[in-house]
Amino acid sequence: MCPRFWRLVQEGLTERDGLCRKRARYLLKRALDLSGSQRAELRCAPDECSLFWWSAEKNEQLLQFWETYILIMETLEGNQIHVIKPVLPKLNSLYELAVSGDKGCWLFHPSWHVCIYRRMLESENKTLTKEGILHFLELYETKHLPNSLDFSEFVIGPLMDALSESSLYSRTPGQSVGSCPPLGLRLQKFLATYFTLLPEEEKGSFLLKFIQKMTSRHWCAVPILFLSMALASIPACKVLGAEGLHALRDVLQCTMITHQILLRGAAQCCLLQTAMHLTDVEKVSFPEVSSFLLSLRPEESLRRDTLLWTELCSWLQVNDRCFRKSVTSDFERQETSSLCQYVHSLVGEYLKTAASERENCFMPDWFEAKLVSTMILLAADVDGKSNIEWIELEAFLNPLLDVLMKLGSNAYIPTLRTDKSLQLLLKLLQTRWLKCSNAQDDEVLLFIWKSLVTPVESILEFVLRRLTTNELSTVGDDYETHFGVVLKSICIEKLLLTVLDGHSKKETKVSSQVVFSVSGMASLAAVCEIMGGKLEVHLEPLPSMDALKKFISLSQFNEVLKKPSYIEEKNSLCEETASQGWGKVVARYVRDQWICLCFVLNSFPTLAQGYEETSVKSLSTVERSKEILQFALEALSILPSDQVSPVFDCMKVLVPKLLDSSEALCVEAFDLAWKITSSLSNTQLIFWANLKAFVQFIFDTEVLAVAASAKGQAYAKIKEVKLKQFKSFVDERSALRNAFLNAGSYSELITEACVFGTVFRRDQSTNRDDHYVRICAVKFLCLLDGSNISHKTFMEDIFIKLLDKDELVSRSRTRYYANSLQHRIKTRVWQTLLVLLPKLNQNFLCGTLDRVFQAGFSNNQASVKYFIEWIVILCLHKYPQFLDKFWDCFGYDEEKLKKSICTFLSVLAHFDIILENTSEKKPALKKALIVVLQWCFSHNFSVRLYALIALKKIWGMCRMLHVEEFEALTPVIESSLQQVENMHGTGNAKRNWQRIQDHFFFATFHPVDDYSLETIFYTLPRLSELAEDEWISLSKFDRFTDIPLPAAFQWCRSRAELRDLKPSDWSQQDMGPHSAEADSQTEWTDVQKKIIPWKNSTPSLDLETAFEDRAAKLGKSNSRLIVVASLIDKPTNLGGLCRTSEIFGASALVVGSLHYIQDKQFQHLSVSAEQWLPLVEVKPSQLVDYLQQKKTEGYTIIGVEQTAKSFDLTEYCFPEKSLLLLGNEHEGIPANLIHHLDVCVEIPQQGIIRSLNVHVSGALLIWEYTRQQVINCFGCGDCA
């Protein structure tokens, strides 16, 4: 019994191979059986770990522990959560046995518990994995467990591996969007509690291993976020040193590159809070802290206008002069370093360059400038809390200002130093644009701004000199754009003239030509962007605009730059080809060309005007536009995806001019632009900017209008890419002013928008809201005016297309179930039709109402059914002359009405509202009464209920109006209604009658008074139990768009009586979430155990002998129950009944044909029960004679059917000799057989739906017979 043996058993218990696990359990059971039977005394050596021990004194306690342990391990083999969940409370009792309350130590080694959790975490069933994780995380909240190295290793190993699965973090159905899922909350509480209970000497190593584990694999965005939140929830404690800070930085850099932006930003915030709470500042230096801070992205997390920045400043201020001195620090005498000293040293080192580095140097890395600027701002904010003189900030900026002031006059400053100084200047200025709040209110930024404005003239002279000489080495991505914020209008003019003049010069060297072309075009593009944007200074028209226009007009677009030779490239100043790659250089050059062209196109209507002396005079404006559009298509094919937005902007101007003359070229432009945009759907950083530019291009008001007027290929192409771009079409205010001009041509687009949306799994639906498109469409439709001819035509077109959409979905072969995509689309169709209905006139409705009625004949889900009934009621209310069409719906054959008659009977339940606008009420009531009465005698119970609810309403109206024609019917109708009210007293029919009367659609809902946006899109979907993500609250109509509703639009909210109703007012609720765990101390009776204990297993017997023994033990000769299923024609139901009858020992099963036994569906359900149960063939036509024969033999004929005199199953006592007659799946028991029955028994129900599956009904009665006649006899010794 050495530890090696027990380690081997534990490894076997957690093996992935099932046979290995079975062998390990066998060894464990054998060892326990021997130890218990021999009452042995087993102890490990004092110097060895006690993985297993046994004592005769604690024999019972040990047996209880190990039996529970083995039961849990065996149950986990089932891999079924409904089997395993009742066993989990046993795991709690296992801990109570394993921990000594007196000594506070483990009696049983905790590695045995780890085996259970490892087995659960490695399960293929994700639900079981989640249960195992949650149970382990709850341990330290509910149990006071001693420290264990095995648990720490388990947390860092298998537990974190399991936590990498994103689907485990799904929210529960009742949680709102944005709330933390249960696993995330448990993880935070666990890590905080577990870390607090660890010994002080183990906290640092555990936390370091935990963080390093986060860098050991590529985590998805969701797990990394909740693990970071758990780290941030640990109480403040100084345990992390430099290695821990580096590990946190690695998490930021290595595992968060491709994650979703919002989740990545949230994780960054949590990791920074972790660093501030857990870092021992005496063990880290400022360079290490700054390196960590630079891994945080300002646009996602650490920015000056955030609470996180303030918290960081407070942390630095509190711990200032406590940080470890850096190895390279100049302050040798001090053991610690202050933030100001570090920033002084950092700025000096950054700007320090040797004179020899002036030539042949590359553009320095922007990382250094970002680091220095961030630390300057941090130090300024920390110093500003106690010093408002900004002395330290001025000292930080002085070295930079010294360099900047000399740029214009000193031509011998090293190039590297000038580049670095300008980079730092731009990074400091970028802070102004990254800050959301008003920069004028920020004293730090204001001081920096005033300080950096001083050397503007010197900087401008330096830039102009470099643009006109060969000193220019490169132009950075942000160099010109951000420098523009300090330029005055005169500077722009000077810069523009300088650039244009420089372009007229010719260079002999290829490298010099490349440098001048690339840098000059980049500078020109920056100037155009500045002039086209909204600057703080007002730019008057400049004389240089004519020169710019001429320069752009004569430019060769997409010009191919000649690449310098290897020697030229190596020896020249043009290191852009080396540092960025030649492809990037050319792409940037082409993009800058299109930026300049876009500025010119937006500023001047024509390009050729005024330059007769040039070759452009031979080209008309249209021909020149066509040529430029061809260049644009070429640019789209050669530019990288993140550089195409300027081309889209140019195409928006060019396409309307060419749609008439060059439609094929425009269609090609649409197609190529859409392909580029749609191909980037998985690249978030590029996709949204390109999508915005594409939408602004293709849904420009002028483009839409010209395409719609031509109705050609361009019109078809626009409709082809319409779905996800609809929101921008209706959200443009300029488009709305002319929306009705274009909308009629794009009715298909708006129709699709009205039903837009898909169905997501729960793990996909986080922060997803697809209501925006539908809300835009609905509000757009609300703006339409029925009195306007063009609006009227458009609405009628939309109405017809929506009806076509409904018919298309109804004909689809796709499975139609509750909350499926088909169900949701049909619901959205009828919601939109309801919005349009009040704006439509009588003539149009007269022609389309038949299609609405036909929709009512379809098989619809509840929400769709309510909307159809609502529309029919409103149509008949507004135009009572349509009643003749409505009565025709009741004239179809019974087969067509079988599934839809309840819809039209529900309409009659609101007949009082329908007749409000007619003076001829009595003829209509007479017709309604005749129609309803015939359906009150329907064989189908649900139809009778709907007919009775309509009869009650119509008869009440007749009594109020004193209709004399119906006096003869008064006794019959009133006695019938009275009988319905008092039927059976407590029977199932009585309950269903009460429920349908209390149903919201009949008791509370008013079709006219409740007509509102809130009822259509929120209240009724909620009450009809449509999925929650289909409910559109009224607040979203205000919040999602600024499209105004008409001033007369008052019908927004539902009535309070309807709005306050809850679905639980009429639907049955579950018993509660904790019913399965009500008694955690019950013994094995509450556990499903399908395992044969090893010591009770017997050798395999002959299969036929085993079946014979089992049949003999059933005692079927004592049963006197016959189940007659001759009316049932579905093999699945017959197979299930055969299995049920065999299990409960029925004496025989009667079927309509023995051929059913050969059916595969029958055999699949019966699982060989037909071999052990007598089967008798009695055809349906022979049933009368068979029943009469059984009556003569003393059998009581019992029908399973609801009749006026049927007995409640719970109150009926079965005779010993009973024959159960089951009805057909659809028609029940025919009327010609009912009078041959001795009694009818009905099953009590709680729901609205009347019928159970026939197999389920039969099984319930077979069980009740067995309980009364067999089980009670065994319990009491005699049958009651």
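- The name given to the protein chain in an unreviewed UniProt entry is TAR (HIV-1) RNA binding protein 1, with the source organism recorded as Ficedula albicollis.

1. A look at the side chain of Arg-119
- In this fold, Arg-119 is placed in helix α6 (residues 111-121).
- For Arg-119, the contacting residues outside a window of four places in its chain are Leu-13, Arg-21, Met-73, Leu-76 and Glu-77.

2. Concerning the packing of aromatic side chains
- Under the counting rule described, the total for this entry stands at 44 aromatic pairs.
- Geometrically, the ring pair formed by Trp-66 and Tyr-69 is edge-to-face, given 5.5 Å between the ring centres and 75° between the ring planes. Residue Trp-66 and its partner Tyr-69 are both found in helix α3 (residues 59-76); the two are separated by 3 residues, about one turn of the helix. Both residues of the pair, Trp-66 and Tyr-69, count as buried.
- With centroids separated by 4.9 Å and ring planes inclined at 70°, the aromatic side chains of Phe-136 and Phe-154 adopt a geometry described as edge-to-face. Taken together, the residues span a long stretch of sequence, with Phe-136 in helix α7 (residues 126-142) and Phe-154 in helix α8 (residues 149-162) at a distance of 18 residues.
- Of the residues examined, Phe-154 reaches a relative accessible area of 2% and is grouped as buried.

3. Quick word on the nonpolar core
- Core analysis: the largest hydrophobic core is formed by 158 residues, its most contacted members being Trp-594, Leu-629, Trp-830, Phe-886, Phe-890, Leu-908 and Phe-911.
- No other element matches helix α49 (residues 941-961), which puts 13 residues into this core.
- Both domain 2 (621-634 + 643-721) and domain 3 (722-760 + 769-1063) contribute no fewer than three residues apiece to this core.
- Apart from residues lying up to four places away in sequence, Phe-890 is in contact with Leu-897, Ile-901, Phe-904, Leu-905, Leu-908, Val-931 and Trp-935.
- Counting residues in hydrophobic clusters, the runner-up holds 146 residues, among them Leu-231, Leu-339, Leu-351 and Val-444.

4. Some details on the confidence of the model for the protein chain
- Overall, the prediction assigns the protein chain a mean pLDDT of 76, with 74% of residues at 70 or greater.
- At the low end of the mean pLDDT range in the protein chain sits helix α36 (residues 733-737), at 37; at the high end sits strand β8 (residues 1218-1221), at 95.
- A low-confidence stretch, residues 534-540 stays under pLDDT 50, and its non-local contacts, those more than four residues away or across chains, total 8 contacts.
- Per-residue pLDDT stays below 50 along residues 607-619; that stretch engages in 20 contacts with residues further than four places along the chain or on separate chains.

5. Comments concerning the side chain of His-135
- Structurally, the position occupied by His-135 is in helix α7.
- Dropping the residues within four chain positions of it, His-135 is found in contact with Leu-88, Leu-91, Asn-92 and Tyr-117.

6. Here we look at the environment of Leu-445
- Topologically, Leu-445 is positioned in helix α20 (residues 443-453).
- Considering only alpha carbons, one finds Leu-445 and Ala-380, 65 residues apart in sequence, at a separation of 9.7 Å.

7. Overview of the sheet that holds strand β6 (residues 1196-1200)
- Within the open sheet, the 7 strands sit side by side as β5-β4-β3-β8-β6-β9-β7. Their pairing is parallel. Two strands bound the open sheet, and with one partner strand each, they are β5 (1175-1177) and β7 (1207-1208).
- Note that strand β4 (residues 1148-1151) and β5 share 3 bridges and pair parallel. Pairing of Val-1151 across the sheet is with Glu-1177, part of β5.
- Running over the sheet, helix α57 (residues 1131-1143) touches β3 (1121-1125) and β4 and is turned about 165° from β4.

What counts as what
- Residues numbered from 1 in each chain as written.
- Predicted model: local features only at pLDDT ≥ 70, side-chain atom pairs only at ≥ 80, totals over all residues.
- Heavy atoms only, no water.
- Helix = DSSP H or I, 4+ residues; strand = E, 2+ residues; numbered from the N terminus.
- Contact = heavy atoms within 4.5 Å.
- Phe/Tyr/Trp six-rings, centres within 6.5 Å; stacked < 30°, edge-to-face > 60°.
- Buried < 20%, exposed > 50% of the residue type's maximum accessible area, 1.4 Å probe, protein only.
- Core = buried A, V, L, I, M, F, W, Y, C linked by side-chain atoms within 4.5 Å.
- Domains from an automatic or database assignment.
- pLDDT = per-residue confidence, 0-100.
- Pairing = 2+ DSSP bridges.
- Axes fitted to C-alpha atoms, helices over the stretch in contact; angles between N-to-C directions.

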